[in-house]
Amino acid sequence: MIYKKILAIESSCDDTAASLIEVHDNTFKILAEKTASQIDIHKIYGGVIPEVAARAHAEKIIPLIEEVLANEKPDYIAVTSGPGLLTALLVGVETARSMSYLLDVPLIRVNHLEGHICSVLLDQKEKNEYTMNLEFPAICLIVSGGHTELLFMKNYGEYERIGKTADDAAGECFDKTAKILGLEYPGGPKISKFAKTGNPNAINFPRPMIKENNLNFSFSGLKTAALYWLRDHNLSAMQINPMTMPAGIFGQSQSDDVTIEDFCASFEQAITDVLIAKTLRACKEYKPKTVILGGGVSANPALRSRLHDELQKLNTDISLRVPDISYGMDNASMIAVAAIHHIQKQDFTPWQNLAADPNWHIGE
Ligand code: KG4
Ligand code: ZN
């Protein structure tokens, strides 16, 4: 392959993003990338409203593409076509279909989770010189607002789903608990900020399914345990955001020594304990050369550092790959990178056949 340009489009949830990368064999660099976050819109509602997200995507997507293309014609167009919110995905997919038809360039459908996996290749931001340098097999822990999955990856494009959540995703559990605390959406980063100075052993939250002999997760019970703990201990959320404090949940007096920082640290520790325990279990079973941590929750510093330490203790040569912090959240460059192996395999989708697929799971 000689210097080909891939335009990638991402609109699966609450970020509209476009990226243009240049690929040469197994190396690539980012020429331009743009993301329009919708957080300011969705925080009014305390979560993502699909119709509102779709409208905002429709407003932003063409200006973003125009900006990253800067009058260049791409050689390929890659687009996230699932999983995600149907109305949101449709905006990116229909834009990509139209462009592929009008410009007569091949189209690549990319799975959002494959994008998060490939985001770990974007870890040399200063140099802007990247290679497809993953060592296989790999265990991928993908943790975001919509997903908590463990995948066994034999090669690019070869996945087996070995673990999933029975209910809430890890990021969703962070966000819902943060909402109970009166913190703005998305609450994950806010909880992790409080957690930095708290005592992780202050509250013994449940670690759902941690001892079960499988690689699955469940987080809805942990969120409920957090809610009940706050109710039973009269921890006041007044200090955080009195305007959004749900009536009847918190008492007015702080009868306990536990602070909001302790609460957040203990809650974070419970989630990360489960995520790490299951990943280590997967490593023992599948003996990977690499562990990949991807998705928005990969920005959590406790998860990053504790997973790193625990893998070291295993005494193997497993290397941990995490994305640069700016590529952990949804972005289009990771979608462009995920498209590279599809292009090498000439795995294109005619524009007539491309459809948004909100429940597209890889490795099933
Ligand atoms: O991958 P992403 O940008 O969007 C989805 O595909 O869902 O992930 C967003 C999620 C949100 O739930 C957000 O609260 C969570 O990632 N998140 C964090 C942190 N930063 C983002 N969760 C915990 N700690 C963080 N530092
Ligand atoms: Zn995502």
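A quick note: this is a predicted structure, and the numbers were derived from the prediction, not measured. (Residues numbered from 1 in each chain as written. Chains lettered and ligands numbered in written order. Predicted model: local features only at pLDDT ≥ 70, side-chain atom pairs only at ≥ 80, totals over all residues. Heavy atoms only, no water.)

Bringing the coordination of the zinc ion (ligand 2) into the picture now. On the protein side, the zinc ion (ligand 2) has His112 (NE2), His116 (NE2) and Asp330 (OD) as donor atoms, found 2.0 to 2.2 Å from it. Motif for the zinc ion (ligand 2), donor spacing along one chain: H-x3-H-x213-D. A residue pair is termed long-range when its members are at least 10 positions apart, and His116 in helix α4 (residues 112–118) and Asp330 in the loop between β11 (319–321) and α10 (333–344) qualify at 214 residues. Classification of His116 as buried rests on a relative accessible area of 0%. (Donors = N, O, S within 2.8 Å, 3.2 Å for Na, K, Ca; no water. Helix = DSSP H or I, 4+ residues; strand = E, 2+ residues; numbered from the N terminus. Buried < 20%, exposed > 50% of the residue type's maximum accessible area, 1.4 Å probe, protein only.)

Attention now goes to the sheet that holds strand β4 (residues 76–82). In space, the six strands of this open sheet follow the order β5-β4-β1-β2-β3-β6, with mixed pairing throughout. The strands lining the two open edges of the sheet, one partner per strand, are β5 (107–111) and β6 (130–131). With five bridges joining them, β4 and β5 adopt parallel strand pairing. From the neighbouring strand, Gly82 faces β5, where its bridge partner is Asn111. Across the sheet, helix α2 (residues 50–69) is in contact with β1 (4–10), β2 (15–24) and β3 (27–37); its angle to β2 comes to roughly 25°. Of the strands in this sheet, β1, β4 and β5 touch helix α3 (residues 86–103), which is tilted by about 155° from β4. (Pairing = 2+ DSSP bridges. Contact = heavy atoms within 4.5 Å. Axes fitted to C-alpha atoms, helices over the stretch in contact; angles between N-to-C directions.)

Below, the discussion takes up the site of ligand 1. As a matter of local geometry, ligand 1 sits amid 19 residues, with Gly145, Asp175, Gly296, Asn300 and Asp330 nearest to it. One nitrogen or oxygen atom from the side chain of Asp175 is found 2.6 Å from an oxygen atom belonging to ligand 1. Contact with the protein chains covers 93% of the free accessible surface of ligand 1, which is 560 Å². When atoms are counted within 2 Å of each cavity's grid points, the one that captures over half of ligand 1 is the largest pocket. Of all the elements in the fold, those that place two or more residues in the shell around ligand 1 are α4, α5 (170–180) and α6 (188–195). (Near = heavy atom within 4 Å. Polar contact = N/O pair within 3.5 Å; in protein donor to acceptor, adjacent residues only side chain to side chain. Areas by Shrake-Rupley, 256 points an atom, 1.4 Å probe, with all protein chains shown as cover. 1 Å grid on protein atoms, 1.4 Å probe; cavity = no way out; pocket = protein on both sides within 12 Å on 5 of 7 lines; lining within 4 Å. Sits in = over half its atoms within 2 Å of the grid points.)

The next thing to look at is the pattern of salt bridges. Applying the stated rule across the entire model yields 15 salt bridges. Here Glu149 ties to Arg161 by a salt bridge, and the two come within 2.9 Å at their closest N and O atoms. Residue Glu149 is located in strand β8 (residues 148–155), and its partner Arg161 is located in strand β9 (residues 158–164); the two are separated by 12 residues in the primary sequence. Each member of the pair, Glu149 as well as Arg161, is classed as buried. (Salt bridge = Lys/Arg side-chain N within 4 Å of Asp/Glu carboxyl O.)

It is worth spelling out the packing of aromatic side chains at this point. Summed over all chains, the structure comprises 11 aromatic pairs. Seen from their ring centres, Phe28 and Tyr130 are 5.3 Å apart, and the 25° between their planes marks the pair as stacked. A residue pair is termed long-range when its members are at least 10 positions apart, and Phe28 in strand β3 and Tyr130 in strand β6 qualify at 102 residues. The exposure classification of Phe28 matches that of Tyr130, with both residues buried. Summarising the aromatic geometry, the rings of Trp229 and Phe263 are spaced 5.9 Å apart at their centres and angled 45° between planes, so their arrangement reads as tilted. Here Phe263 lies in helix α8 (residues 260–286) and Trp229 lies in helix α7 (residues 220–233), a separation of 34 residues in the sequence. You'll find Trp229 and Phe263 in the same group, each marked buried. Counting every residue linked through ring pairs, the aromatic cluster contains Phe174, Phe205, Trp229, Phe263 and Phe267. Positioned above the aromatic ring of Trp360, the side-chain terminus of Arg109 is 4.0 Å from the ring centre. (Phe/Tyr/Trp six-rings, centres within 6.5 Å; stacked < 30°, edge-to-face > 60°. Lys NZ or Arg CZ within 6 Å of the ring centre and 35° of its normal.)

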